[in-house]
Amino acid sequence: MEGLQLQSQTDKKGKLYVIGIGPGSVEQLTIASRDAILNSDYIIGNGTYLDQVKELLNDQKIIRSHMGKEVDRAKKAVELAEDNVVSMVSGGDANVYGMAGLVLEVAEHHELDVDIEVLPGVTAITAGASVLGAPIVNDFAVISLSDLLTPWERIEKRLMAASEADFIISLYNPKSRQRNSNFRRAIEIIQKTRDGSSPVGLVKNALRGDSQEMKVTTLDKVLDYDDWVDMRTMILITTPESRIWGGNGMEKIITPRGYQRKYDY
Ligand SMILES: C[S@@+](CC[C@H](N)C(=O)[O-])C[C@H]1O[C@@H](n2cnc3c(N)ncnc32)[C@H](O)[C@@H]1O
């Protein structure tokens, strides 16, 4: 019996890679993710993410999916991965509001014996932070303002807690067509407990070539950019311990790690 089980395990040739493809350009992919995509039978993903890796697509069979079809996409991927090598591509990191959770949940729910490997990617907070200089070199919290799957009351509670606990706060999903006021509401909550002089960085299309844009401001003025913020923007709200260095559109945000308390430099 044991021998038979071993046989069927080794015969299985399917595998599912859930790949975080990073913020947008193929240069930001890990080598492991690039190899997985190149060596897959099927690549499945939302059209935007497939386009971001198009130079790696040749003989693989492509399954193009759409926003809002995440459950169907996850089901299709685990189904195909029983007998094929499949790469599911997800933006940024697949663990950060990405497809990794749903894929594992679907496999668990259907009790499928599929070999799944999640490959990490550069997420928006690290992509945006690199554009802004060094704003997150201390403890931070990431909060999504999307209330499609999380009730808004819970988001408000987290915003208040993170602000009171002095975390650097990164906001994802600040807006969409249906949720235009969430960004303003979130900032007003943080302003209740955080000093208005705290530096704030906003990055749109981080590490996406010429479409990248950034703004550096302070918490008391950030709502001047309310109309500029969109669903391709991530926001970093630091604390009064951080500072803005430079000017003329070349501003950087520096968050000290605390070396100055121990060393002279
Ligand atoms: C559903 S979340 C997906 C996050 C993704 N899994 C990640 O790890 O970056 C989408 C949100 O991430 C942020 N985002 C993703 N890529 C970005 C980029 N290149 N520049 C700025 N923000 C980005 C935006 O706030 C966007 O609304």
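Residues numbered from 1 in each chain as written. Predicted model: local features only at pLDDT ≥ 70, side-chain atom pairs only at ≥ 80, totals over all residues. Heavy atoms only, no water.

(A) Region of the structure containing the site of the ligand. The local shell around the ligand holds 19 residues, among which Val 96, Thr 123, Ala 206, Met 231 and Thr 233 are the closest. Val 96 is positioned such that a nitrogen or oxygen atom in its backbone is 2.7 Å from a nitrogen atom of the ligand. Here an oxygen atom of the ligand sits 2.9 Å away from a polar atom, N or O, in the main chain of Ala 124. In isolation the ligand offers 560 Å² of accessible surface; the protein chains occlude 88% of this area. Its residues assigned to classes, the shell around the ligand comprises 10 nonpolar, six polar and three charged. Each of two domains, domain 1 (2-119) and domain 2 (124-258), supplies a minimum of three residues to the shell around the ligand. (Near = heavy atom within 4 Å. Polar contact = N/O pair within 3.5 Å; in protein donor to acceptor, adjacent residues only side chain to side chain. Areas by Shrake-Rupley, 256 points an atom, 1.4 Å probe, with all protein chains shown as cover. Nonpolar A, V, L, I, M, F, W, Y, C, P; charged D, E, K, R; others polar. Domains from an automatic or database assignment.)

(B) How the structure looks around the domain arrangement of the protein chain. When cut into domains, the protein chain gives domain 1 (2-119) and domain 2 (124-258). Using only C-alpha atoms to locate each centre, domain 1 and domain 2 end up separated by 30 Å. Residue-level contacts link seven residues of domain 1 with eight residues of domain 2. Taking both sides of the interface into account, the surface hidden between domain 1 and domain 2 amounts to around 600 Å²; carbon and sulfur atoms contribute 60%. At the junction of domain 1 with domain 2, the criterion picks out zero salt bridges. Our enumeration of links across domain 1 and domain 2 arrives at three residue pairs in polar contact (both at pLDDT 80 or more). Within the side of domain 1 that touches domain 2, the residues separate by chemical class into three nonpolar, four polar and no charged. (Contact = heavy atoms within 4.5 Å. Buried area = accessible area lost by both parts, 1.4 Å probe. Salt bridge = Lys/Arg side-chain N within 4 Å of Asp/Glu carboxyl O.)

(C) Molecular detail of a nonpolar patch on the surface. Together, Tyr 259, Tyr 263 and Tyr 265 make up an exposed nonpolar region whose accessible area comes to about 460 Å². With respect to the helices and strands, the residue Tyr 259 is situated in the segment after strand S13 (252-254). Judged by relative accessible area, Tyr 259 falls into the exposed class, the value being 52%. (Patch = residues over 30% accessible without salt bridge, like charges linked within 9 Å, V, L, I, M, F, W, Y side chains within 5 Å. Helix = DSSP H or I, 4+ residues; strand = E, 2+ residues; numbered from the N terminus. Buried < 20%, exposed > 50% of the residue type's maximum accessible area, 1.4 Å probe, protein only.)

(D) Quick peek at the packing of helix H4 (residues 70-80) against helix H5 (residues 100-109). Interaxial distance between H4 and H5 falls to 9 Å at its minimum, and their mutual angle equals 60 degrees. Between H4 and H5, the angle is such that the two are oblique. H5 is crossed by H4, and the crossing has right-handed handedness. Residues Glu 70, Val 71, Ala 74, Lys 75 and Val 78 of H4 pack against Leu 102, Val 103, Val 106 and Ala 107 of H5. (Axes fitted to C-alpha atoms, helices over the stretch in contact; angles between N-to-C directions. Parallel < 35°, antiparallel > 145°, perpendicular 65-115°, else oblique. Left-handed = near helix turned anticlockwise from the far one by under 90°.)

(E) Summary view of H5. Among the residues of H5, those classed as buried are Ala 100, Val 103, Val 106 and Ala 107. When H5 is viewed along its axis, its buried side chains cluster within an angular range of 135 degrees and face the same direction. Opposite the packed face of H5, turned more than 90 degrees from it, sit the exposed residues Glu 108 and His 109. Here the buried face of H5 lies against strand S1 (15-20), H4, strand S4 (85-90) and strand S5 (116-119). One or two residues past the end of H5 sits Glu 111, with phi positive at roughly 50 degrees. (Arc of directions from axis to C-beta.)

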